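One letter stands for each residue in the lines below.
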Amino acid sequence: MKGKPVHRLLVVLDREFQKDLGFEAVKILQKAWQAEVTFLIVLHENLQKILSLDLKQVIEETRKRFEVHLPPGAEIAVEVGDLRERVLIALEAYEADILVFFGIPDTRHMKVIRSSPKPVWVIHPEKPFPGENIGVPLALKPRDQLALDWARNLKEAFGGRVLGLRFYSVPGRDFIASLNLADSLEEVDQQFEAMQRQEIEAFLKEIRRQTVLDEVIVEQDSPKSGIVRAVEEHDIGVLIMTLRKPGVLEQLFFGTVTEAVLHHLPTHILVVPMEQKA
């Protein structure tokens, strides 16, 4: 596989045990990259106080319960503490290249994803992996290059087609529609779509990624709604999205588009931090 090699996966197990499709996805990743896999279970830091149990016994029993279900050659680590802190330490200690979570991220997971210096693969536990197509939402900004490079790498590893997803809004369209000017509205829509496609073509040429995409889908919609809808309409098995650090207002009220889609988790999502290069 070209680009940055993947030698080790760190898989976090901190919720209901996923031994079916979720674990099958890990096996596929392990085989595709010939990667070493470590499973990490982080027990709550106040567990000993709450249960009044011998912590060493709890850790050992937890290890025994899970290790019989792990893929061949995988290791398991059981630790106690804050999830974000322990995962970030483990990423460095095990020199992991990708972090893996199962299921819709909750608040604790989002803290880890925002802080991770490595890509995070959020696996949908009820969908086959990796699915038919690879989807890359396009913001037409330099960070798209990271997602496109990973898309190229995943295509080489798993096959499928790479679809670029571009969603936009037409200023004043609702007003034009209210005037019942069907011909004018259709013309405006066509012009705006043509403009978007020209911008995409110019952008891909500028960053020298013209050959990555097999198809470009351009539609009027909000980014979150469009991405979620496109997953179903175009059989997208994996979304590749970048994650930038949100501003203060975004953290308080909105979040990023990537975070909004993660909370919906329409399919498997590979989140690439903007500092990470494929």
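In case you missed it, the structure is sitting above this.
Residues numbered from 1 in each chain as written. Predicted model: local features only at pLDDT ≥ 70, side-chain atom pairs only at ≥ 80, totals over all residues. Heavy atoms only, no water.

### Structural notes on the overall build of the protein
Here comes step 1: Counting secondary structure elements, the protein contains 11 helices and 10 strands.
Here comes step 2: For the protein, the residues scored as buried account for 49% of the 278 residues in total.
Here comes step 3: Look at the contacts in the protein between residues 6 or more apart in sequence, and 77% of them connect residues 24 or more apart.
Here comes step 4: Of the accessible surface of the protein, which amounts to about 14,600 Å², a share of 49% is contributed by carbon and sulfur atoms. (Helix = DSSP H or I, 4+ residues; strand = E, 2+ residues; numbered from the N terminus. Buried < 20%, exposed > 50% of the residue type's maximum accessible area, 1.4 Å probe, protein only. Contact = heavy atoms within 4.5 Å. Areas by Shrake-Rupley, 256 points an atom, 1.4 Å probe, with all protein chains shown as cover.)

### Some words on the environment of F192
Here comes step 1: Within the fold, F192 resides in helix α8 (residues 182-206).
Here comes step 2: Take F192: its relative accessible area is 23%, and that puts it in the partly exposed class.
Here comes step 3: For the pair F192 and V170, spaced 22 residues apart in sequence, the C-alpha to C-alpha distance is 7.1 Å.

### Considerations on helix α11 (residues 257-264)
Here comes step 1: Among all positions in α11, only T258, E259, V261 and L262 are buried. Taken end-on, α11 shows its buried residues confined to a sector of 165°, consistent with a single buried face.
Here comes step 2: Looking at the buried positions of α11, the neighbouring elements they touch are α5 (107-115), β5 (120-123), α9 (223-233), β9 (236-243) and β10 (268-273).
Here comes step 3: Remark: L265 follows α11 within two positions and exhibits a positive phi of approximately 45°. (Arc of directions from axis to C-beta.)

### Here we look at the environment of V228
Here comes step 1: Its place among the elements puts V228 in helix α9.
Here comes step 2: On a C-alpha basis, the gap between V228 and L265 in space is 8.3 Å, while along the polypeptide they are 37 residues apart.
Here comes step 3: Filtering out sequence-adjacent residues up to four positions away, V228 remains in contact with H264 and P266.

### What about the packing of aromatic side chains?
Here comes step 1: Within this structure, the stated rule accounts for six aromatic pairs.
Here comes step 2: Their ring planes at 55° and their centres at 6.2 Å tell us that W33 and W121 sit as a pair that is tilted. Taken together, the positions of W33 in helix α1 (residues 21-33) and W121 in strand β5 put the pair 88 residues apart, joining distant regions of the chain. The pair W33 / W121 is uniform in exposure class, with both members buried. (Phe/Tyr/Trp six-rings, centres within 6.5 Å; stacked < 30°, edge-to-face > 60°.)

### Brief notes about the packing of α5 against α11
Here comes step 1: Running from N to C, α5 and α11 point in directions that differ by 140°, and their axes come no closer than 12 Å. By the angle class used here, α5 and α11 are oblique. Where α5 crosses over α11, the handedness of that crossing is right-handed. Between α5, through M110, I113 and R114, and α11, the contact on the second element is made entirely by E259, L262 and H263.
Here comes step 2: Class assignment of the residues belonging to the contact of α5 with α11 gives a composition of three nonpolar, one polar and two charged. (Axes fitted to C-alpha atoms, helices over the stretch in contact; angles between N-to-C directions. Parallel < 35°, antiparallel > 145°, perpendicular 65-115°, else oblique. Left-handed = near helix turned anticlockwise from the far one by under 90°. Nonpolar A, V, L, I, M, F, W, Y, C, P; charged D, E, K, R; others polar.)

### Some details on the sheet that holds strand β7 (residues 162-168)
Here comes step 1: Reading across the sheet, the 10 strands line up as β3-β2-β1-β4-β5-β10-β9-β6-β7-β8 and stay open at both edges, with mixed pairing between neighbours. Each edge of the sheet is formed by a strand with only one pairing partner; in this case those strands are β3 (75-80) and β8 (215-220). Strand-to-strand twist of the sheet, defined as the mean angle between neighbouring strand axes without regard to direction, takes the value 25°.
Here comes step 2: Where strand β4 (residues 98-102) and β5 come together, four bridges link them in parallel fashion. Within the sheet, the bridge partner assigned to F102 lies in β5 and is I123. (Pairing = 2+ DSSP bridges.)

### A word on the nonpolar core
Here comes step 1: Counting residues in each nonpolar core, the largest one holds 52 residues, and the members touching the most others are W33, F39, W121, W150, L154 and I240.
Here comes step 2: Considering every element that reaches this core, the biggest residue donor is helix α6 (residues 144-158), with six residues.
Here comes step 3: Ranked by size, the runner-up nonpolar core spans 33 residues in total, among them A77, A96, M110 and V261. (Core = buried A, V, L, I, M, F, W, Y, C linked by side-chain atoms within 4.5 Å.)

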